[in-house]
Amino acid sequence: MPQDELKNLVRIGKLKPEPPARAELEGLLRSGSLRLVDSRRTDISLESRFDLAYNATHALALAALRAEGYRAESRYLVFQCLQHTVGLSNAQWRVLDQAHRKRNLAEYEGELDVDEQLLEAMLRVARGVEKRVSSLVAE
């Protein structure tokens, strides 16, 4: 993984180095995986499914960052680091960026405007991140 980019984020105070803890990594992976399962349930609202998928992806992204030995205080930065921790593509990153913006509108302004297409795109990205993080945790 491109450690130079992560080290630069430490240098400017955006990330903090912290050795990974196996129990934390396993817990984050478990949390993300369980939320992903629940986000596929069609008997709950689209908004709840979106919330579950978003938080699942965040838990998995945080696990990836922690596996590399870093911690961030910003949710957005945790997502941004996915390109360095698990090789997330720009197209996949744009899905998470859109989801993050929609989540913030819901969280801070009470406006939740999500659709099935965004949810399905998020789930595809999240499943890919989950596979990569599972490999990191297994190492």
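The preceding data block contains the structure.
Residues numbered from 1 in each chain as written. Predicted model: local features only at pLDDT ≥ 70, side-chain atom pairs only at ≥ 80, totals over all residues. Heavy atoms only, no water.

**Student:** What is the right way to read the overall build of the chain from this model?
**Tutor:** The helix and strand inventory of the chain stands at seven helices and two strands. Secondary structure elements of the chain occur, N-terminal to C-terminal, as α-β-α-α-β-α-α-α-α. A compact globule built from 139 residues should have a C-alpha radius of gyration of about 14 Å, and the chain, at 15 Å, falls within 12% of that. Taking the principal axes of the C-alpha coordinates as reference, the chain spans close to 40 × 30 × 25 Å. The contacts of the chain with a sequence gap of at least 6 include a subset with a gap of at least 24, amounting to 70%. Just so you have it, the chain exposes about 7400 Å², and 47% of that area is on carbon and sulfur atoms. Each charge class in the chain was averaged separately, 21 positive and 21 negative side chains, and the resulting centres sit 4 Å apart. (Helix = DSSP H or I, 4+ residues; strand = E, 2+ residues; numbered from the N terminus. Rg over C-alpha atoms; globule rule 2.2 N^0.38 Å. Contact = heavy atoms within 4.5 Å. Areas by Shrake-Rupley, 256 points an atom, 1.4 Å probe, with all protein chains shown as cover. Lys, Arg positive; Asp, Glu negative; His and termini not counted. Charge placed at Lys NZ, Arg CZ, Asp CG, Glu CD.)

**Student:** Which parts of the structure should I look at to understand the pattern of salt bridges?
**Tutor:** Pairs may arise between side chains of opposite charge once their charged atoms sit close together. Per the stated rule, a full pass over the model turns up eleven salt bridges. Arg 66 is paired through a salt bridge with Glu 18; the nearest N and O atoms lie 3.3 Å apart. Remark: Glu 18 occurs in the loop between strand S1 (15-17) and helix H2 (22-39) and Arg 66 occurs in helix H3 (residues 46-67); sequence separation between them is 48 residues. Judged by relative accessible area, which is 29%, Glu 18 ranks as partly exposed. Of the charged contacts in the structure, one is a salt bridge between Lys 102 and Asp 113, with a shortest N-O distance of 3.7 Å. Separated by eleven residues along the polypeptide, Lys 102 in helix H6 (residues 90-109) and Asp 113 in the loop between H6 and helix H7 (116-138) bring together distant segments of the chain. Within this structure, Glu 18, Glu 24, Arg 66 and Arg 71 form a network of salt bridges that share partners. (Salt bridge = Lys/Arg side-chain N within 4 Å of Asp/Glu carboxyl O. Buried < 20%, exposed > 50% of the residue type's maximum accessible area, 1.4 Å probe, protein only.)

**Student:** Is there a simple way to explain the packing of H2 against H3 in this structure?
**Tutor:** Between two packed helices, what matters for the description is the angle formed by their axes and the separation of those axes. It is at 8 Å that the axes of H2 and H3 come closest, and there the two elements cross at 160°. With respect to H3, the axis of H2 lies roughly antiparallel. Note that H2 runs across H3; the crossing there is left-handed. On H3, the residues touching Glu 24, Leu 25, Leu 28, Leu 29, Ser 31, Gly 32, Ser 33, Arg 35, Leu 36, Asp 38 and Ser 39 of H2 are Arg 49, Leu 52, Ala 53, Asn 55, Ala 56, Ala 59, Leu 60, Leu 62, Ala 63, Arg 66 and Ala 67. A class-by-class count of the residues in the contact of H2 with H3 yields twelve nonpolar, five polar and five charged. (Axes fitted to C-alpha atoms, helices over the stretch in contact; angles between N-to-C directions. Parallel < 35°, antiparallel > 145°, perpendicular 65-115°, else oblique. Left-handed = near helix turned anticlockwise from the far one by under 90°. Nonpolar A, V, L, I, M, F, W, Y, C, P; charged D, E, K, R; others polar.)

**Student:** Looking at this model, I keep getting lost on the environment of Glu 5. Mind explaining?
**Tutor:** Topologically, Glu 5 is positioned in helix H1 (residues 3-11). By relative accessible area, Glu 5 is classed as partly exposed at 35%.

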